[in-house]
Structures are given as structure tokens and as C-alpha cells.
Amino acid sequence: DGGITQSPKYLFRKEGQNVTLSCEQNLNHDAMYWYRQDPGQGLRLIYYSQIVNDFQKGDIAEGYSVSREKKESFPLTVTSAQKNPTAFYLCASSPTERTEAFFGQGTRLTVV
Amino acid sequence: KQEVTQIPAALSVPEGENLVLNCSFTDSAIYNLQWFRQDPGKGLTSLLLIQSSQREQTSGRLNASLDKSSGRSTLYIAASQPGDSATYLCAVKIDTDKLIFGTGTRLQVFP
């Protein structure tokens, strides 16, 4: 089946640790996105990529990093510099940047 | 700066009612507007996409309209069912290729 796969579904991070969230799509989409969702707030854009080996910061990029070495993969690393990482993280993709976006099932990250 | 607002924040209705969910945005320079559904703890499911040149889109019991000049979109749900209970999000795509989201309307349909 075509779609966007995020893993893991739940992730626990200790203070000072870096963690990487996986996002893979087999839809052959060019654009990929990472969003963060907090209770009572809308989704906020962390990073997005329109093409392999290129990506741009979103509104809340501090404390996060990404790579886009393959078209189908867009991993997000939450670094120790992110002071409040507990949130629900959503990955999305679209055929081009101006078309319909599709989302994965999310990863819930908790700091312990 | 583009801002997206959804009203009401929450809605509880009996089964069978026809519903209207509202979405407003401050800058009419959008490429498209998309409505999503989100179940608790899950990702977003795309419901309808309206391009900036379109006025409405329909899918089954759902109808979404767009009035770009007034910065408004409505999602109409006909004959609501308990299975429609979820949070509904609207988002606009702007020239920096971002999707800007509203905070959503939490809908509960009771039998």
C-alpha cells in the first residue's frame, strides 16, 4: 500500500539525549514536511523539503535537524538543544509544494 | 502574517443534524485550502482540497466552500453520524509553500 510511515509510534527521551524520528513515503512525492502538535495549539512547521538534498527551516526549527538524502526519507532529529520536546510529531508529503498534503500516523515523544 | 481561525472550538450535536464548521484566514493570497480530520492520537486524514480558483468541493456527505476574498471557508457535514466524531482542521497553503493550520473544531456526535 502507498503511504507515509512514521516510526516509532511512541518514543521516550532522557534529558540531554538526541533522538531521531523516522518518516518514509512510497508515494513518489517531492515535498516532505515535519510538524509539531501540542495540546490546544495548531500544527507548527519545523522543517520542510522540496527536493533531495535541500530543506528549509519552518517556524520552530531551533533544536531540530533534518536530512533529505533520499526522496522517500526525511528523518527528524530532536537534539538536546530542544528544551521542551514533549509533543506529537507529524510527517507529511505532497506531490509538489502546491498540492494536497498527506500525513503519517505520528510519533509521540515524551521526555522522561 | 497569515493566521487561521476555526470557530467553534468544540461542538456537540445529536445524530442526524446538519453541521457547519467555519475557518477564516487573514491573507487571501493562498494557493489552496485543505480540510483534515484527526482522531485522538492519530495522524491527519485529508478530507477535501479546494484550489484558490475553486468555490467548492464535495465528497459524499461533506461539502467545503471557499470565499477567498472574504477569507472564509466552511465545511458542511450532512446527516451527522457518531462516526463523524473527531477534530476537524483547516489549513491554507501560502506562497512560502507552508501549510498554516487552524487550531481545530472538536466535534462530538451522540446517538
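Let me begin by describing the structure that accompanies this report. Here the structure is a predicted model, which means the values were calculated and not measured. (Residues numbered from 1 in each chain as written. Chains lettered and ligands numbered in written order. Predicted model: local features only at pLDDT ≥ 70, side-chain atom pairs only at ≥ 80, totals over all residues. Heavy atoms only, no water.)

A word on the sheet that holds strand 6 (residues 56-59) of chain B. Residue and element names in this part refer to chain B. With respect to topology, five strands assemble into an open sheet ordered 1-3-8-7-6, the strand pairing being antiparallel. Looking at the sheet topology across the chains shown, the edges are occupied by strand 1 (4-7) and strand 6. Within this sheet the neighbouring strands show an average axis-to-axis angle of 15°, counted without direction. Where strand 1 and strand 3 (residues 19-25) come together, four bridges link them in antiparallel fashion. Pairing of Gln6 across the sheet is with Cys23, part of strand 3. (Pairing = 2+ DSSP bridges. Helix = DSSP H or I, 4+ residues; strand = E, 2+ residues; numbered from the N terminus. Axes fitted to C-alpha atoms, helices over the stretch in contact; angles between N-to-C directions.)

Take the sheet that holds strand 7 (residues 64-66) of chain A next. All names here are of chain A. The strand order 1-3-8-7 describes an open sheet built from four strands, whose pairing is antiparallel. Bordering the open sheet on either side are strand 1 (4-7) and strand 7, each of which pairs with just one other strand. In this sheet, adjacent strand axes meet at a mean angle of 20° when their direction is disregarded. The pairing of strand 3 (residues 19-25) with strand 8 (residues 76-78) spans three bridges and is classified as antiparallel. What sits directly across from Val19, in strand 8, is Val78.

Relative to the helices and strands, Lys98 of chain B resides in the loop between strand 9 (86-93) and strand 10 (99-101). At 3.0 Å, the side chain of Lys98 of chain B forms a polar contact with the side chain of Asp59 of chain A. With near-sequence residues (within four places) excluded, Lys98 of chain B lies in contact with Tyr35, Leu45, Tyr48 and Asp59 of chain A together with Val92 and Lys93 of chain B. (Polar contact = N/O pair within 3.5 Å; in protein donor to acceptor, adjacent residues only side chain to side chain. Contact = heavy atoms within 4.5 Å.)

For the rest of this paragraph, the subject is the pairing of strand 3 of chain A. Residues and elements named next belong to chain A. Along strand 3, the buried face is formed by Val19, Leu21, Cys23 and Gln25; none of Thr20, Ser22 and Glu24, which line the opposite face, is buried. Two strands pair when backbone bridges link them, and strand 1 and strand 3 are joined in this way by four bridges, in the antiparallel orientation. Of the residues in strand 3, the one forming a bridge with Ser7 is Ser22. (Buried < 20%, exposed > 50% of the residue type's maximum accessible area, 1.4 Å probe, protein only.)

Applying the stated criterion across every chain, the model contains six salt bridges over all chains. Asp38 of chain A is the salt-bridge partner of Arg36 of chain A, the closest N and O atoms lying 2.8 Å from each other. Taking the relative accessible area as the measure of exposure, Arg36 of chain A reaches 5% and is therefore buried. Between Asp59 of chain A and Lys98 of chain B there is a salt bridge, with the nearest N and O atoms lying 3.0 Å from each other. Linking Asp59 of chain A in the loop between strand 6 (54-57) and strand 7 with Lys98 of chain B in the loop between strand 9 and strand 10, this pair reaches from one chain into another. In this structure, a network of salt bridges that share partners links the residues Arg36, Asp38 and Arg44 of chain A. (Salt bridge = Lys/Arg side-chain N within 4 Å of Asp/Glu carboxyl O.)

What follows concerns the state of the cysteines. According to the stated counting rule, one finds two disulfides over all chains in the structure shown. The partner cysteine of Cys23 of chain A in its disulfide is Cys91 of chain A, sulfur to sulfur 1.9 Å. Since a negative S-S torsion denotes a left-handed disulfide, the Cys23 of chain A-Cys91 of chain A link at about -75° is left-handed. With Cys23 of chain A in strand 3 and Cys91 of chain A in strand 9 (residues 87-94), this pair connects stretches of sequence that are 68 residues apart. The class for Cys91 of chain A is buried, based on a relative accessible area of 0%. At a sulfur-sulfur separation of 2.0 Å, the disulfide partner of Cys23 of chain B is Cys90 of chain B. Residues Cys23 of chain B and Cys90 of chain B share a disulfide whose torsion about the S-S bond is about 75°; that sign makes it right-handed. Here Cys23 of chain B, found in strand 3, pairs with Cys90 of chain B, found in strand 9; they are 67 residues apart in sequence, far enough to count as distant. (Disulfide = S-S within 2.5 Å.)

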